There are 2 protein chains.
Amino acid sequence: MPDFRPVLMVIGLFVAALGVAMLLPVLADLGRNTQAVTADRQAFLASAALCLAFGGGLAASCWGRIETITTRQGFLLTTGSWLALVCAAALPLTLGGARLSVTDAFFEAMSGLTTTGATVVIGLDTMPRGFLLWRSMLQWFGGVGVIIMAIAILPFLSVGGMQLFRLESSDKSDKIVPSADDLALQIFALYAVMTFACFVCYWALGMGGFDALNHAMTTVATGGYSTKDSSFAYFVEAGITSGPVDLVAVGFMIAGSLPFGLYLLALRGRGGALIKDGQVRFFALAVIVFTAIVAFRIVAALGFEPWEGFRLAVFNVVSIMTGTGYASANYSAWGPFALGIFFCVMFVGGCAGSTSCGLKIFRLQVALSALFVYTQKLSHPHRVTVARYNGRPLDEAVFRSVLSFFFLYFAVFATVSVGLSLFQLDAVTALSAAGSAIANVGPGLGDIVGPAGNYATLPEGAKWLLCAAMLLGRLELFTVLVLFVPSFWNR
Amino acid sequence: MPDFRPVLMVIGLFVAALGVAMLLPVLADLGRNTQAVTADRQAFLASAALCLAFGGGLAASCWGRIETITTRQGFLLTTGSWLALVCAAALPLTLGGARLSVTDAFFEAMSGLTTTGATVVIGLDTMPRGFLLWRSMLQWFGGVGVIIMAIAILPFLSVGGMQLFRLESSDKSDKIVPSADDLALQIFALYAVMTFACFVCYWALGMGGFDALNHAMTTVATGGYSTKDSSFAYFVEAGITSGPVDLVAVGFMIAGSLPFGLYLLALRGRGGALIKDGQVRFFALAVIVFTAIVAFRIVAALGFEPWEGFRLAVFNVVSIMTGTGYASANYSAWGPFALGIFFCVMFVGGCAGSTSCGLKIFRLQVALSALFVYTQKLSHPHRVTVARYNGRPLDEAVFRSVLSFFFLYFAVFATVSVGLSLFQLDAVTALSAAGSAIANVGPGLGDIVGPAGNYATLPEGAKWLLCAAMLLGRLELFTVLVLFVPSFWNR
């Protein structure tokens with residue numbers, strides 16, 4: 001049985017910090033006093049007090065100096081803090097003016113913190129600013145949390161091949177580096193600067209200041225929550241913004257999907273690392289190929305103008321592939337082939353060490369390497385083929401971790417899909433909602449969960465199942481599932 | 001470049017043998033002289049002549065004593081002979097009275113020899129006997145061919161973890177055992193006896209002699225071609241047969257899905273091997289669990305009587321899981337949850353070394369073992385966990401082969417599904433047709449390819465794509481794909 005005290009202390013501190021953050025939505029509605037705003041203000045203040053009391057109390061009661069964190073504590077900390085933060089984040093959503101049910105509030109908070117972006121709220125355009133800001137903040141925190149987790153924690157837990165990304169200096173250790181604090185601070189600063197740049201671009205192109213701030217937060221986080229029911233399509237319409245705001249969004253969604261560790265190297269003058277990185281190149285290739293296919297298809301088959309076809313294709317492909325989930329058009333109407341492509345793109349995801357989710361580019365690369373090595377071995381059993389990833393040889397452990405990840409991914413996908421079909425959802429809705437939740441995308445396909453739909457009408461049980469899928473997908477499956485293996489709890 | 005001569009010689013002999021077999025359908029219609037029968041008779045005679053001439057010529061021109069076959073020759077022989085036999089088998093279908101197009105004849109022959117059972121023929125009930133017998137014979141030959149391939153060839157080619165099934169005596173060799181002839185003969189005899197037993201049972205229960213023969217051949221082969229448009233449902237209806245003919249079919253479909261190598265051991269007095277085998281037990285468990293789920297669902301939600309619900313559930317679950325593809329009811333109407341279960345069951349398949357296809361039970365077992373070992377390692381990085389399969393330790397090579405197989409399987413499935421959507425097929429049709437073809441099941445879901453539909457109306461391109469999927473699935477993917485790796489052709 002691992003020592004829970006350091007884990008509980010850190011979780012307590014996280015919850016307390018989220019409590020402090022709850023004061024920001026209160027400020028967003030200063031000067032307004034409608035009934036909804038007042039209810040929200042009270043909810044945020046009450047929730048902040050609860051979080052500070054509970055989180056602070058937990059941290060204080062487990063206080064102590066953390067020398068090092070074992071792998072098992074790492075798993076507990078990761079899953080535990082994500083769950084605790086979702087519960088805390090749901091508080092103001094269910095207590096406030098929108099009066100979300102407990103299920104809906106938990107779903108909305110889970111979708112926020114996992115940067116999924118699936119929403120059960122209808123009527124965003126008229127919601128109090130505090131409520132909207134809170135949703136965006138959840139995605140923003142979730143995004144940076146994921147990056148730090150992927151750089152500082154998962155490589156040491158060897159989850160699904162993430163050991164590939166252990167920092168060179170600590171290759172031999174399976175303890176988490178003590179310098180994680182410094183790294184986290186640098187990532188956080190970079191992330192904030194990137195968000196600010198996105199905000200400035202949106203604002204300069206004519207988006208209102210509040211909308212620009214919210215969308216900047218959910219773009220860089222590849223989250224996808226919007227302040228409008230019609231999502232990004234609202235701003236792409238003529239007259240509202242004065243330039244290609246959608247292409248700016250494409251740029252920042254991509255920026256959020258590249259490995260943040262390489263940005264830090266680039267800032268230290270090693271910009272080549274970003275351009276030469278195998279994962280970045282493969283990601284760029286995937287974006288180009290899928291955009292070209294979709295653009296060609298909608299121009300040729302649906303008669304879009306080439307430039308409009310390209311803009312729609314690149315925005316929606318990047319939005320789905322990075323797991324952002326903004327929609328600039330109802331691509332459900334683009335025919336079976338485009339739908340098929342979107343369904344596949346959904347699983348791809350972005351690079352490891354970014355805010356995006358999905359299978360991740362490096363896993364596709366490792367799996368393709370495994371196939372290559374294996375087919376070589378089939379025809380030449382006695383020849384030795386060594387596969388490399390970014391110049392370093394891939395070992396058996398990485399192959400097996402990554403291939404096991406794929407197997408588990410599709411097993412979970414099938415289980416969640418069949419589970420959803422228990423609630424009488426049709427096949428397209430069940431399959432795409434399951435895929436979208438596990439890959440933290442947001443919208444699925446079809447009328448209910450598609451880009452023009454809303455998750456509000458789903459049955460309660462389906463929402464809870466999707467919450468589990470979002471958490472599993474976000475924490476790379478194994479981080480959660482390992483807690484259900486009995487031997488995890490052995491001494 | 002491997003030496004083609006032994007490969008071509010064997011392929012020539014196979015084609016010539018198929019030519020001889022074409023004389024049987026001629027005998028089936030003796031004494032009848034309708035226009036269709038006469039056209040078919042001429043087609044079968046002409047095709048037989050062509051096959052004997054071409055196959056005999058090929059064998060004669062490459063004649064020589066085969067000492068041993070290398071792995072690369074093994075791959076060429078397997079894929080080459082399957083393709084050549086499909087082409088030869090399609091001849092009488094396109095030349096005969098039914099006048100199938102080249103595409104349809106190739107599809108029907110591929111579906112036959114791969115024991116898939118998807119059909120493009122409408123109006124089976126009134127077709128000449130020779131035509132119907134030929135379709136059944138193709139499945140019967142395909143079934144025994146697959147067993148021999150899985151026992152005598154694939155283990156030595158190490159395809160997708162099949163090295164697990166190398167016979168103990170030849171563990172060290174990667175050449176194909178010279179005693180393959182003996183083994184093939186024993187398997188063939190056993191298969192024939194099993195088919196005869198099935199025929200006697202069907203006949204005793206009141207199926208007509210000709211129908212009993214055809215269905216016996218396609219039951220034991222887990223193929224699924226029927227002599228009736230309404231498939232097995234025709235015989236389940238009251239009054240036509242005098243007993244539970246569907247339960248007899250369940251028994252023989254299961255018999256066809258168990259490892260034939262273990263039957264041979266059982267005949268030598270080691271019957272325990274069959275009962276204690278991990279794969280057989282897991283298969284039985286899967287049948288029981290899925291039957292229970294479906295039976296419970298249709299009794300509870302659709303109001304079937306318990307006994308009728310059980311019969312429908314067990315027949316259709318076994319038919320889909322073993323890849324037979326008979327239908328005794330239109331399960332498309334059983335609601336989303338039952339459809340979801342059928343969709344998953346389709347991928348499962350039967351045991352290695354049987355006539356059934358799909359992912360195969362042993363691969364699921366190995367992948368689950370891999371997950372178990374991996375999660376153990378995550379929480380206890382320094383502990384060594386050894387996984388076993390039927391008492392023998394599983395090594396890294398088997399894990400990697402099996403997990404690579406899963407990855408490739410889902411990649412091919414996704415590619416074929418998206419490819420089918422190019423032909424404007426809806427998502428359920430595209431996904432289920434792709435899954436059904438790769439797993440060699442036969443029917444999919446939905447109105448077009450579901451149990452009450454027919455593949456005839458699909459576009460030509462979709463049929464060719466499905467042919468490729470059937471061949472890939474039947475030959476365990478790698479056997480075909482390895483031929484497309486450039487280094488295969490190196491010296």
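Residues numbered from 1 in each chain as written. Chains lettered and ligands numbered in written order. Predicted model: local features only at pLDDT ≥ 70, side-chain atom pairs only at ≥ 80, totals over all residues. Heavy atoms only, no water.

Just to check I follow, could you spell out helix α11 (residues 260-267) of chain A for this structure?
An α-helical turn contains 3.6 residues, so a residue and the one three or four places further along point in the same direction. Burial in α11(A) covers these residues: Phe260(A), Leu262(A), Tyr263(A) and Leu264(A). Downstream of α11(A) by one or two residues, Gly269(A) has phi in the positive range, about 90°. (Buried < 20%, exposed > 50% of the residue type's maximum accessible area, 1.4 Å probe, protein only. Helix = DSSP H or I, 4+ residues; strand = E, 2+ residues; numbered from the N terminus.)

In this structure, what is going on with the pattern of salt bridges? I would like to understand it.
For side chains bearing opposite charge, pairing can occur when the charged atoms are close. The tally for this structure, following the rule as stated, stands at 14 salt bridges over all chains. We note a salt bridge from Lys463(B) to Asp104(B), for which the minimum N-O separation is 2.7 Å. With Lys463(B) in helix α20 (residues 460-474) and Asp104(B) in helix α5 (residues 102-113), the pair connects residues that are 359 residues apart, well separated along the chain. On the accessibility criterion, Lys463(B) (4% relative accessible area) is buried. We classify Asp104(B) as buried; its relative accessible area is 13%. Residues joined in a network through salt bridges with shared partners are Lys360(A), Arg363(A) and Glu476(A). (Salt bridge = Lys/Arg side-chain N within 4 Å of Asp/Glu carboxyl O.)

Before we go on, may I ask you to explain the interface of chain A and chain B in this structure?
Counting residues at the interface gives 56 residues for chain A, matched by 56 residues for chain B. A per-residue breakdown of the area chain A buries against chain B is headed by Tyr374(A), Arg400(A) and Phe407(A), which together make up 17% of the total. Counting across the interface, chain A meets chain B through 2 salt bridges. Two residues, Arg400(A) and Glu396(B), come together in a salt bridge whose shortest N-O distance is 2.4 Å. One can count 10 residue pairs in polar contact (both at pLDDT 80 or more) joining chain A with chain B. Taken together, the elements giving at least two residues each to the side of chain A that touches chain B come down to α4 (71-95), α15 (335-348), α16 (361-379), α17 (396-421) and α18 (427-438) of chain A. For the side of chain A that touches chain B, the leading source of residues is α17(A), giving 13 residues. (Contact = heavy atoms within 4.5 Å. Buried area = accessible area lost by both parts, 1.4 Å probe. Polar contact = N/O pair within 3.5 Å; in protein donor to acceptor, adjacent residues only side chain to side chain.)

Hey, could you run me through the packing of aromatic side chains in this one?
With the rule as written, the count across this model stands at 73 aromatic pairs over all chains. With 5.5 Å between their ring centres and 80° between their planes, Phe343(A) and Phe347(A) make a pair best called edge-to-face. Of this pair, Phe343(A) and Phe347(A) both sit in helix α15, separated by 4 residues, roughly a single helical turn. In this structure Phe343(A) comes out as buried when scored by relative accessible area, which is 16%. Using a relative accessible area of 9% as the deciding quantity, one classes Phe347(A) as buried. The ring of Phe210(A) carries Arg129(A) above its face, with NZ or CZ at 4.5 Å from the centroid. We note Arg135(B) situated over the ring of Tyr225(B); from NZ or CZ to the ring centre the distance is 3.9 Å. (Phe/Tyr/Trp six-rings, centres within 6.5 Å; stacked < 30°, edge-to-face > 60°. Lys NZ or Arg CZ within 6 Å of the ring centre and 35° of its normal.)

Just to check I follow, could you spell out the packing of helix α13 (residues 278-302) of chain B against helix α16 (residues 361-379) of chain B for this structure?
Between two packed helices, the angle of one axis relative to the other and the distance separating the axes together describe the packing. Residue and element names in this part refer to chain B. Interaxial distance between α13 and α16 falls to 9 Å at its minimum, and their mutual angle equals 95°. As summarised for this structure, α13 and α16 are arranged roughly perpendicular, according to the angle between their axes. Every residue of α16 that contacts α13 at Gly-278, Gln-279, Phe-282 and Phe-283 is listed here: Ile-361, Phe-362, Gln-365 and Leu-368. Taken together, the residues that form the contact of α13 with α16 break down as 5 nonpolar, 3 polar and no charged. (Axes fitted to C-alpha atoms, helices over the stretch in contact; angles between N-to-C directions. Parallel < 35°, antiparallel > 145°, perpendicular 65-115°, else oblique. Nonpolar A, V, L, I, M, F, W, Y, C, P; charged D, E, K, R; others polar.)

So what exactly am I meant to see when it comes to the nonpolar core here?
Soluble globular proteins: nonpolar side chains tend toward being buried together. Among the nonpolar cores identified, the biggest contains 346 residues, and Trp134(A), Tyr202(A), Trp134(B) and Tyr202(B) are the most heavily contacted of them. Ignoring sequence-local partners within four residues, the contact set of Trp134(B) consists of Leu18(B), Ala21(B), Met22(B), Pro25(B), Phe44(B), Ala89(B), Pro92(B) and Leu93(B). (Core = buried A, V, L, I, M, F, W, Y, C linked by side-chain atoms within 4.5 Å.)

Whenever I open this one, unusual backbone geometry confuses me. Can you help?
A negative phi holds for most residues other than glycine; trans holds for most peptide bonds. Residue Ser231(A) is not a glycine yet carries a positive backbone phi of 55°. Mapped onto the elements, Ser231(A) comes out in the loop between α8 (209-220) and α9 (233-236).

What's the story with the packing of helix α4 (residues 71-95) of chain B against helix α6 (residues 129-157) of chain B in this structure? I'm lost.
All names here are of chain B. Axis separation between α4 and α6 bottoms out at 12 Å; the angle between their running directions is 180°. Comparing the axis directions of α4 and α6 gives the class roughly antiparallel. Residue-level contacts link Thr-71, Gly-74, Phe-75, Thr-78, Trp-82, Ala-89, Pro-92 and Leu-93 of α4 to Phe-131, Trp-134, Leu-138, Gly-142, Gly-145, Val-146, Met-149, Ile-153, Phe-156 and Leu-157 of α6. In the contact of α4 with α6, the residues fall into 13 nonpolar, 5 polar and no charged.

When you look at the confidence of the model for chain A in this model, what are you seeing that I'm missing?
Residues and elements named next belong to chain A. Residues at a pLDDT of 70 or more form 97% of chain A, whose mean pLDDT is 91. Contacts for the low-pLDDT stretch residues 169-178, under 50 throughout, to residues beyond four places or in other chains number 19 contacts. For this predicted complex, the interface confidence reaches an ipTM of 0.92, while the overall pTM sits at 0.94. (pLDDT = per-residue confidence, 0-100.)

What's the story with the environment of Gln279(B) in this structure? I'm lost.
All names here are of chain B. Along the chain, the position of Gln-279 falls in helix α13. A sequence separation of 84 residues divides Gln-279 from Arg-363, and the C-alpha atoms of the two residues are 9.4 Å apart. Once you skip the residues sitting within four places of it in the chain, Gln-279 turns out to touch Phe-165, Pro-259, Gly-350, Cys-351, Ala-352, Ile-361, Phe-362, Gln-365 and Tyr-389.

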